[in-house]
Amino acid sequence: MEDGLFKLKLTRKVMTVATKKLTFSEYLKYSDGTDTRYELVDGELIPMTLGTGFHGAIAEFLNDAFKDEARKRGLPLTAKDMKIGVRSPRGGRWDTSRIPDVTVLPIEQWEALAHREAVIELNEPPPILVVEIVSESTKTADYRTKRSEYAVLNIQEYWIVDPLVEMVTVCSLADGFYDAVSFRGNERIVSATFPKLELTAAQVLAARL
């Protein structure tokens, strides 16, 4: 009985804190006692579900592909899947911080995050490339909201991997806006960050070579 009462109190506490608007510093310190990770959107905690195993497989596949390509070409870049936060310059008084499914950034910048929260601040250079993998619950954010935020952040390349329609869209920054090109099936994905990358949309969506 006491154990059940404790859980009820904990649940109420989590619900109370989670519905309260948070500053960015409060967000960095927030813990609800679970392994749930959150993005911060206009001061509100948005839980990041684990997604399907397929979602995770695509993220891992691209993360490995980018790291392998960087090593092969001698590029001073690394990739991290779901480990780096990116502050967003959304308007309004409340903060926003995203956690892309995959983030490509200079090795030096990654190493600089070793002894602090792994969040790229607004006054720091943005990532080189970010990837979001679409699910039913994230379609609007991935195609519209995050696309606008990442363009304002000056992220040069944004991949939208959409298993729902079996398509990979590469958004390349030009004059402050993204030009988008979509790839399907055995079409080779064209990337300015990794121009010699030999990868098709089908391979990405199957998460295997």
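Residues numbered from 1 in each chain as written. Predicted model: local features only at pLDDT ≥ 70, side-chain atom pairs only at ≥ 80, totals over all residues. Heavy atoms only, no water.

**Digging into the overall build of the protein chain**
Link 1 in the chain: A tally of regular secondary structure across the protein chain gives six helices and eleven strands.
Link 2 in the chain: By the burial criterion, 41% of the 209 residues in the protein chain qualify as buried.
Link 3 in the chain: Sequence-distant contacts, at least 24 apart, represent 54% of the contacts inside the protein chain between residues at least 6 apart. (Helix = DSSP H or I, 4+ residues; strand = E, 2+ residues; numbered from the N terminus. Buried < 20%, exposed > 50% of the residue type's maximum accessible area, 1.4 Å probe, protein only. Contact = heavy atoms within 4.5 Å.)

**Focus on the environment of Lys196**
Link 1 in the chain: Tracing the chain through its elements places Lys196 in the loop between strand 11 (177-183) and helix 6 (201-206).
Link 2 in the chain: Setting aside its immediate chain neighbours within four residues, Lys196 contacts Glu69, Arg73 and Arg188.

**Observations regarding the pattern of salt bridges**
Link 1 in the chain: With the rule as written, the count across this model stands at 13 salt bridges.
Link 2 in the chain: Lys21 is the partner of Glu44 in a salt bridge, and the nearest nitrogen-oxygen pair spans 3.6 Å. Within this pair, whereas Glu44 is found in strand 2 (residues 44-48), its partner Lys21 is found in the loop between helix 1 (2-19) and helix 2 (24-29), the two being separated by 23 residues in sequence.
Link 3 in the chain: With a relative accessible area of 39%, Glu44 lands in the partly exposed category.
Link 4 in the chain: In this structure, Lys146 and Asp142 form a salt bridge, with 3.6 Å as the shortest nitrogen-oxygen distance. Separated by four residues within a single helix, Lys146 and Asp142 lie in helix 5 (residues 139-152), roughly one turn from each other. Grouping residues by exposure puts Lys146 and Asp142 together as buried.
Link 5 in the chain: Salt bridges here are not isolated pairs; linked through shared partners, they connect Glu69, Lys72 and Arg73. (Salt bridge = Lys/Arg side-chain N within 4 Å of Asp/Glu carboxyl O.)

**Notes on the sheet that holds strand 3 (residues 77-81)**
Link 1 in the chain: Ordered by their spatial adjacency, six strands build an open sheet running 3-6-8-9-10-11, and the pairing between neighbours is mixed. Either end of the sheet is taken by a strand with one partner, and the two such strands are strand 3 and strand 11. Strand-to-strand twist across the sheet, computed as the mean angle between neighbouring axes with direction ignored, equals 20°.
Link 2 in the chain: Inspection of the sheet shows strand 8 (residues 129-133) paired to strand 9 (residues 157-162) by five bridges, in the parallel sense. Paired with Ile133 across the strands is Val161, a residue of strand 9. (Pairing = 2+ DSSP bridges. Axes fitted to C-alpha atoms, helices over the stretch in contact; angles between N-to-C directions.)

**Examining the packing of aromatic side chains**
Link 1 in the chain: Taken as a whole, this structure holds four aromatic pairs when the rule is applied.
Link 2 in the chain: Seen in terms of ring centroids, Phe66 and Trp159 are 5.2 Å apart; in terms of plane orientation they differ by 85°. Their pairing is edge-to-face. Taken as a pair, Phe66 in helix 3 (residues 53-73) and Trp159 in strand 9 lie far apart in primary sequence, 93 residues in all.
Link 3 in the chain: By relative accessible area, Trp159 is classed as buried at 0%.
Link 4 in the chain: Members of the aromatic cluster, joined through ring pairs, are Phe66, Trp159 and Phe194. (Phe/Tyr/Trp six-rings, centres within 6.5 Å; stacked < 30°, edge-to-face > 60°.)

**Overview of the side chain of Thr169**
Link 1 in the chain: If you trace the backbone, Thr169 turns up in strand 10 (residues 167-174).
Link 2 in the chain: Within polar-contact distance, the side chain of Thr169 engages the side chain of Ser182 at 2.9 Å.
Link 3 in the chain: Apart from residues no more than four positions distant in its own chain, Thr169 is found in contact with Tyr158, Trp159, Ile160, Ala180, Val181 and Ser182. (Polar contact = N/O pair within 3.5 Å; in protein donor to acceptor, adjacent residues only side chain to side chain.)

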